[in-house]
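Each chain is listed here by its residues.
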Amino acid sequence: MAEARARMEKIANSPEAIPIFAQDNDLISKLRGELLDLSVRANDIEKRVGKDHLAAVKVRNRMEEMREAITNEQKRITGLFGKDYELARAQYDELSATMTRVMGEEGANSDVLARIRELESAAETLRNLYNRMLQQVSEMNRVDAQPSITPDARVLMRAAPPLQTEASKRSC
């Protein structure tokens, strides 16, 4: 909830930060690619016939439309931050009400409070264990990626040609 609220407030306070917070989705990536193509085309046309030619003006106008479409999509994405905050706020309020109700019903019962603390402690222990294991796995993957210093096989003795072959055995 705090993260969603911080994003929402940051965007509200500084609208120029919208491109930073709006992640590029497939549509924005496609629009940026088209904008790049139009830019190359505009430069080519301007070199050939000049900036004031009708074709160059049309391409520049199309580029401006692409920029507006990118900006509109970014604004749409950042508009979802408010909805994310409202959803997180509703979930927080629901959990808070449930905890208050449970604590109110069982407030006198210290066994419930002890069980809650025990479960929180177990969750924290498991979270730490998970993080430690994740770190060890990433270290092992890093070690596995390094080239092996010792070869997998060694030559103990060079092979010698056989003293007798099948053909020499038959002739005897």
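Residues numbered from 1 in each chain as written. Predicted model: local features only at pLDDT ≥ 70, side-chain atom pairs only at ≥ 80, totals over all residues. Heavy atoms only, no water.

**Student:** Give a detailed account of the overall build of the protein chain, specifying residues and quantitative values.
**Tutor:** Helix and strand content of the protein chain: six helices and zero strands. Its helices and strands in sequence order give the protein chain the pattern α-α-α-α-α-α, from N to C terminus. Looking at the protein chain residue by residue over its 172 residues, the buried ones come to 15%. The contacts of the protein chain with a sequence gap of at least 6 include a subset with a gap of at least 24, amounting to 68%. When the accessible surface of the protein chain is summed, it comes to about 14300 Å², and 55% of that surface belongs to carbon and sulfur atoms. (Helix = DSSP H or I, 4+ residues; strand = E, 2+ residues; numbered from the N terminus. Buried < 20%, exposed > 50% of the residue type's maximum accessible area, 1.4 Å probe, protein only. Contact = heavy atoms within 4.5 Å. Areas by Shrake-Rupley, 256 points an atom, 1.4 Å probe, with all protein chains shown as cover.)

**Student:** Tell me about the nonpolar core, and name the residues and values.
**Tutor:** Ile 28, Leu 31, Leu 35, Leu 38, Ala 42, Ile 45, Ala 56, Val 59, Met 63, Met 66, Ile 70 and Ile 77 together form the largest nonpolar core, which totals 12 residues. For this core, the secondary-structure elements that each account for two or more residues are helix H3 (26-49) and helix H4 (54-106). (Core = buried A, V, L, I, M, F, W, Y, C linked by side-chain atoms within 4.5 Å.)

**Student:** Please give an account of the pattern of salt bridges that cites residues and values.
**Tutor:** Under the criterion given, the structure shown has seven salt bridges. Across the pair Asp 93 and Arg 89 runs a salt bridge whose closest N-O atoms are separated by 3.7 Å. Of this pair, Asp 93 and Arg 89 both sit in helix H4, separated by four residues, roughly a single helical turn. The exposure class assigned to Asp 93 is partly exposed, which follows from its relative accessible area of 36%. (Salt bridge = Lys/Arg side-chain N within 4 Å of Asp/Glu carboxyl O.)

**Student:** Which residues make up the side chain of Glu 73, and what values go with them?
**Tutor:** Within the element layout of this structure, Glu 73 appears in helix H4. If we ignore the near neighbours within four places in the chain, the residues touching Glu 73 are Asn 25, Leu 27 and Ile 28.

**Student:** Tell me about the confidence of the model for the protein chain, and name the residues and values.
**Tutor:** Taken as a whole, the protein chain shows an average pLDDT of 80; of its residues, 80% reach a score of 70 or greater. Within the protein chain, helix H2 (residues 18-21) has the poorest average pLDDT of any element, 62, and H3 the best, 87. (pLDDT = per-residue confidence, 0-100.)

**Student:** Quick one: what's the story with the environment of Glu 34, residue by residue and with numbers?
**Tutor:** The residue Glu 34 is located in helix H3 in this model. As for Glu 34 and Arg 62, which are separated by 28 residues in sequence, their C-alpha atoms are 9.9 Å apart. In contact with Glu 34, not counting residues within four places along its chain, are Arg 62 and Met 66.

**Student:** Outline H3, listing residues and values.
**Tutor:** An ideal rise of 1.5 Å per residue puts 34 Å on 24 residues; H3 measures up with 34 Å between its terminal C-alpha atoms. For H3, every residue scored as buried is listed here: Ile 28, Leu 31, Leu 35, Leu 38, Ala 42, Ile 45 and Glu 46. Looking at the residues trailing H3, positive phi occurs at Gly 50, about 105°. (Expected span 1.5 Å × (residues − 1).)

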